[in-house]
Every structure is written in structure tokens, then in C-alpha cells.
Amino acid sequence: MSVLTRDGVVLGPFWEGAFPAIVAEPAPQAPPPGDASPQSKGHPGARQGVIAFGLYLLAAFLLYGLPVLRHYASTFAGKGAGDSTIFLWSFAWWPHALANGQSPVLTHAVFAPTGLNLAWSTSIPGPAIIMWPITRAFGPVVSMNLVTMLAPALAAWAAYLVCRRITAKFWPALLGGCLFGFSSYMTQQLSGHVNLFLIFPIPLAVYLVIRRVDGSLPVARFVAGLGLVLVLQFSISTELFATLAFFGGLAMIGALVFAKGKRRCVASTAGWIALAYALAALILFPLLMFVWKGAPAAPFRQVIAGSSSVDLQSFLFPRRSTLIGSETFRHYVGPALGPPEQGAYIPLPLIMMLVLAAWTLFRDRITRSIFLFTLIALVFSLGTYLHANGQTSVPLPWTPFAHLPILRDALPSRFTSFLWLGIALIAACWIDRAKRPWLRAGVVGLGAIMLLPNIASADIHTSLQVPAFFTDGDYRRYIPKDQTILYIHGDKGGEMLAQVESQFWFRLAQGHMGPAPAVFREDPGFGAIDSADATALDYRILRGYIREHDVGTVVVADDLALRWDPVVGRATGAGAIAVGGVHVYSLPSSIASPGSGGFPVVAGAR
């Protein structure tokens, strides 16, 4: 874990950029007098970087953009249901709130009248604001599709920059970037988790640190650049921001303990990184105030043991979202693979590459350090207890960290993003050090092919499904502006899509933004409403829910009307009007609770 050297040149400390000894070639020497600078001749590295990004973008377009090109404004490039609705809603909400002078953080549009503190939800303010012009011109589905297509290209390109800085060669870096940007982690998260597949700031931060270590990036530009990257990461995912800081902290401690005579160098670099974090905190201060005020006293997620960690089999067998081999093994290991969003699958050629790299590059300090970090990420992704074939066994090193604030809400299965960056760097180094690089490149390329996503999967490229009542504007005739409605439907997050289609014409007495606020989770009627289970809801409980949340109109999807009409009719005393694929109940004023319209303090949720 000491500072590394190559040919007597100091390359960097163990922990740079939240990763171990990710180092670069020596800083370029100044050209002799009279010689043109690399910039004046046209730097080949810059041109190659543009070419690499173009190739990654072309691959992402063919996989995720081309299949929905004809219906880009109504069909999702990824998954269009469930958690995807959170991000589609967020793409529309932030521009709407800012344009109308509303607080974009404390919203009463959902979970009315209590509202929600979006600082503790996955509302992606950064991407939503950046995509504002696209959303305004073409709608939030287009914005989400563009981000879905750009995410793997940006992630691959940022990893390419790191690999290129280490190997100084184009092809090893290109393949390394491909492994990271199109990894099994990305394939799983591209099903709809915008906050988790926009991970390019992580390798970008590593790249900036490398540039600072090799002396090619001045201190002021480094601090400003890293600070802005951290701001961007925080505005995308507070979970990834926290885990990045955590892994970086571990690496920094290791460097300070084992760097021996180079501790001053480690401490100096650590100081500039700390300054970058301070700059990010200064920029994020308004949002951090909402984070502080809405901090929960208990964990958001009540996680069942093993449901958030990687099963050992997951490293060996592909998911259904993987094109090659998924159907072959699905019937044998499907139930044992744990949470569906994990990206642990490593194809056999890449496992062989890792074994051979560990054997052939054992004496290389750079590769050894990257291996160590990759192993740490792998072990931590296994969670608090080892799971193999669905069976729980011995406790693991993540156990003490799982109870720390913030980290207790991080899911270990998502640490595979760090694992894949390590694999990408090892692959680039392995190809770079070969006498026959094309043979090794073929092995890595075969592994990349085996990571191809199954774009024919039934849960991606889905169409936007919203009743005509909302899409045709009929809601304006039945729902007064800013009234609170209760929309009962069978599609998870469908109420969020309906509100987006109405351009936030009404408020919702429910919502899907991750775990619901405590006041809703404790309500005896919320669970039945959220799951659309009429048999679990007494009409008196429904009436109490309507009064408690100042509901003026109840809307029931046609496919649920047969089960819900009796209980809604008895709870409200109102008759149903069938229009635009829904049944509408306009409630008499007598059912509303006194003091309708006032809003209490907003509760936090995630």
C-alpha cells in the first residue's frame, strides 16, 4: 500500500481518487527549445479520446436508442415502470417547480398534504436541471431516453481516460472502458435506475486525481474540477456519493499507515481532495440544509438479510438481462441470485483474465494495488453475511459498516460498480504488458461480448401507459386546479406518470419516490391503496384516509373498477363517472376534513 514507482519515478500514493494506486505515466517533459508543443501539433491523445467516446456512443445508440427511435417520446429506452416513474417524474418536476417559483425540494405535489423532502429521495436534481431544455421541448420521456443512452457511453469514456492515463495506449484503454461502461452492473441499472447508472463522475474523479499526481493538472484546476465532479455526483445519487467517499477514506487510511517515507506526499494530496470536498459542500450548501433538516432517525430501508447483497453464484451466472447464457441457466439458479439489480456477473473469459493477470503481473505494484481494491469491493458487495446458492453462512467484513449513518442505507449489491472499475483497469494493464497484446485483447473482447444486454427482454423498451383521461386533458373538466386526488391503479408508480401528463394540475394523496414517509407507512389504508388490494381495505378506513389527506376526487382505473367501485362508493357516497379509461368520483364537500388546504411541515423520505 505504499507509494508506487515505475523505473524509479514516483507515480502516486495508494489511495488516489478513492481508488488504490491508480497511477499514470510520468508527467510529460517540456519540449526542447524550438520544438513545437504537443498541443501545437495536435495532441493524439485528445483525438483518440474523441474517437473512443464516439465508438461508445455508437454502441449505446445501437443497443438502447435505435430500438425506440421511431417512438422516442413515448417508449422507454430502458424500463418504463416501477422505479423508472420516480425519475421520469423528477425530470418534469424540477423544471416545473423552478419555472413556477415553487420550492423544488419541499414539494406538496405528492404525499399531500404532508408533502415530501426531496433532499432525501432519489430525485436527480442535477440531470433534471441539465436536461431542462430537452424536457421543455420534447417531454420527460425523451430526456430520460437520452440520459439512458448517454450513461454507458459517458461511463465507458471516463473509465477510458483512467485506463489511458495508466497504460498510455489506445486499444487497452478502449477495451477497459468498454468493460466498465457496458458491465453487468450497467446492464442491470439501465433497466430504470437513473441515479445508479449515471456513474461516470466516479472514474472522472479518479482521472482528475491522476492528473494532479503526475503534475499535469495545476492545483487550482484540480480543486475546481474535482469539486464540480463531486457536486454532480451528489446531485445524481447521494448513495453513490457516500460510498465513493467511504471507499476513498479507506484507501486514504491505508496509504497514511503504509506509505512510510511518502506520508507527506499522501497528506498533501489528501489536503487538496479535502479542499475539493469543501468547495462541493459550499456549492451544495442550500441543498445540504434540507438534507440536515430532513435527516431520519432510523434507516429508510428495512432490509431482509441477504436481500441487498450479492450471492456467490451471481458472479458466475448471467441474469435475464444478459443476452448470452441467461436463458440457459435461468431455470437452475434463478431464485438464488438475490436482488435483481445487482451487477455481479463476470463472464468466464474475464475470470480467466483476472486469474492470468494475477499470475503474470504479481510483481507489478500497480496491478497488485488495483487487485487489492477490486477484492475489497467484491467482499463488501457480499454484504454482512456470506450467501451461496441462497444459503446464509459466516459474517463478513461489511458488518460493522452496515450500522453507520448513511452507509446503513447503502445496498452492498451496488458496490459492484467499484468492482467493475477495478476489473476494467486490470484488463487494460494486462493487455498493455503483453508481448502479444492482440491475443489478450481477444480474450477481453470475448468477455465484453458476453456482457451484451438482452434488448429483446420484455421489461425494457416498454411504452408509456397512461389512461386517456390524463393524456387527452379530460382531467381538467373533473378535477379543479391544485386539488388533491387519490388515483387507484395497478401499475407501480402509475400515479406519478398521470401527474406528469397533467403537468402537475393536481396533487396526489400518495406517491412513489422510494420508501414512503413514515406518516403514510403507518396509515392503515396506505398499504392497501398502494398495492391496489381492495379486499384488504374496509370502507371506513378508506373514508378516514380521504379525510386525513384532503382528497377531493378519487380516480379508479377501469381494470380495477369492478373490485374498487363498491368500497369507494360506500366510503364516499359518490357515484362513478366512466371517462377516458377511468372511473371518477367527485366527492361531496361534507366528506373533506376541516381546515382543508393547510400544509404541515414536510416529512423526509427516500
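Residues numbered from 1 in each chain as written. Predicted model: local features only at pLDDT ≥ 70, side-chain atom pairs only at ≥ 80, totals over all residues. Heavy atoms only, no water.

Q: Looking at this model, I keep getting lost on the overall build of the protein chain. Mind explaining?
A: The helix and strand inventory of the protein chain stands at 26 helices and 12 strands. Classification of the 606 residues of the protein chain by burial places 55% in the buried group. Residue pairs at least 24 apart in sequence account for 76% of intrachain contacts in the protein chain once pairs closer than 6 positions are excluded. Put simply, the protein chain shows about 25,700 Å² of open surface, and 63% of that area lies on carbon and sulfur atoms. (Helix = DSSP H or I, 4+ residues; strand = E, 2+ residues; numbered from the N terminus. Buried < 20%, exposed > 50% of the residue type's maximum accessible area, 1.4 Å probe, protein only. Contact = heavy atoms within 4.5 Å. Areas by Shrake-Rupley, 256 points an atom, 1.4 Å probe, with all protein chains shown as cover.)

Q: Is there a simple way to explain the nonpolar core in this structure?
A: What tends to happen in soluble globular proteins is that the nonpolar side chains get buried as a cluster. Membership of the largest hydrophobic core comes to 177 residues, with the highest contact counts inside it found for Trp 89, Met 353, Phe 469, Val 554 and Trp 564. Take this core: its biggest share by element is 16 residues, from helix H6 (residues 140-167). (Core = buried A, V, L, I, M, F, W, Y, C linked by side-chain atoms within 4.5 Å.)

Q: Just to check I follow, could you spell out empty space enclosed by the protein for this structure?
A: Once rolled over the atoms, a probe with the size of a water molecule shows which space is left empty. Taken as a whole and judged by the stated rule, the model has 3 cavities of 30 Å³ or more. In this structure, the largest cavity occupies an estimated 150 Å³ of space. Taken together, 19 residues form the lining of the largest cavity, with Ser 121, Ser 123, Pro 125, Phe 234 and Thr 238 sitting closest to its centre. Looking at the lining of the largest cavity, the element that brings in the most residues is helix H11 (residues 219-236), giving 3 residues. Of the volumes computed, that of the second largest cavity is approximately 40 Å³. Take the lining of the second largest cavity: its biggest share by element is 3 residues, from H6. Here the lining of the second largest cavity is built from residues that sort into 5 nonpolar, 5 polar and 1 charged. (1 Å grid on protein atoms, 1.4 Å probe; cavity = no way out; pocket = protein on both sides within 12 Å on 5 of 7 lines; lining within 4 Å. Points joined across faces, edges and corners; volume = space filled by probe spheres on them. Nonpolar A, V, L, I, M, F, W, Y, C, P; charged D, E, K, R; others polar.)

Q: Is there a simple way to explain the pairing of strand E6 (residues 391-395) in this structure?
A: Note: strand E5 (residues 385-388) against E6, 3 bridges, orientation antiparallel. Looking across to E6, one finds that Tyr 385 is bridged to Pro 395. What sits between E5 and E6 in their antiparallel hairpin is a turn of 2 residues, with Asn 389 showing a positive phi close to 55°. (Pairing = 2+ DSSP bridges.)

Q: Teacher, can you tell me more about helix H18 (residues 416-432) here?
A: Residue pairs spaced three or four apart in an α-helix point in one direction, given the helix's 3.6 residues per turn. Between its first and last C-alpha atoms H18 spans 24 Å; for 17 residues at 1.5 Å apiece the expected length is 24 Å, and the two agree. Burial within H18 is extensive, with 17 of its 17 residues counted as buried. (Expected span 1.5 Å × (residues − 1).)

Q: Even after reading the chapter, I still don't get the environment of Tyr 585, so can you show me in this structure?
A: Turning to its location among the elements, Tyr 585 is positioned in strand E11 (residues 582-586). Looking at Tyr 585, the relative accessible area reads 2%, which means it is buried. Setting aside residues up to four positions removed in sequence, Tyr 585 forms contacts with Gly 552, Thr 553, Val 554, Val 556, Asp 565, Val 568, Gly 569, Thr 572, Ala 574, Gly 575 and Ala 576.

Q: Any chance you could explain the sheet that holds strand E9 (residues 551-557) here in plain terms?
A: Across a sheet, paired strands are connected by hydrogen bonds in the backbone, their directions being either parallel or antiparallel. Read across the open sheet, the 5 strands follow the order E8-E7-E9-E11-E10; overall the sheet is mixed. Strands at the two margins of the open sheet, each flanked by one partner only, are strand E8 (507-508) and strand E10 (577-579). The strands that helix H26 (residues 561-572) touches are strand E7 (484-488), E9 and E11; relative to E11, the one it contacts most, it runs at about 0°. (Axes fitted to C-alpha atoms, helices over the stretch in contact; angles between N-to-C directions.)

Q: Sorry, what's going on with the pattern of salt bridges here?
A: If charged atoms from side chains of opposite charge come close, those side chains can pair. Applying the stated criterion to the full structure yields 6 salt bridges. Residues Arg 414 and Glu 239 are paired through a salt bridge, measuring 2.5 Å at the closest nitrogen-oxygen approach. Placement of Arg 414 in the loop between E6 and H18 and of Glu 239 in helix H12 (residues 238-258) is noted, with a sequence separation of 175 residues between them. Glu 239 shares its class with Arg 414; the two are buried. Shared partners join several salt bridges into a network, and the residues in it are Lys 169, Asp 432 and Arg 433. (Salt bridge = Lys/Arg side-chain N within 4 Å of Asp/Glu carboxyl O.)

Q: Sorry if this is basic, but what is going on with the state of the cysteines here?
A: All chains considered together, the criterion is met by 0 disulfides. Take Cys 163: it sits in no disulfide, and the sulfur closest to it among the cysteines is that of Cys 429, at 7.4 Å. (Disulfide = S-S within 2.5 Å.)

Q: When you look at the packing of aromatic side chains in this model, what are you seeing that I'm missing?
A: The geometry of an aromatic ring pair is captured by the separation of the ring centres together with the interplanar angle, meaning the angle of the planes. This model, assessed by the stated rule, comprises 31 aromatic pairs. Measuring from ring centre to ring centre gives 5.0 Å for Phe 469 and Phe 470, while their planes differ by 80°; the resulting arrangement is edge-to-face. Relative accessible area serves as the criterion here: at 0%, Phe 469 is assigned to the buried category. What makes Phe 470 buried here is its relative accessible area of 1%. Chaining the aromatic ring pairs together yields one cluster made of Phe 246, Phe 247, Phe 373, Phe 380, Trp 398, Phe 401, Phe 415 and Phe 418. Taking the ring centre of Phe 362 as reference, the NZ or CZ of Arg 368 above it sits at 5.6 Å. (Phe/Tyr/Trp six-rings, centres within 6.5 Å; stacked < 30°, edge-to-face > 60°. Lys NZ or Arg CZ within 6 Å of the ring centre and 35° of its normal.)

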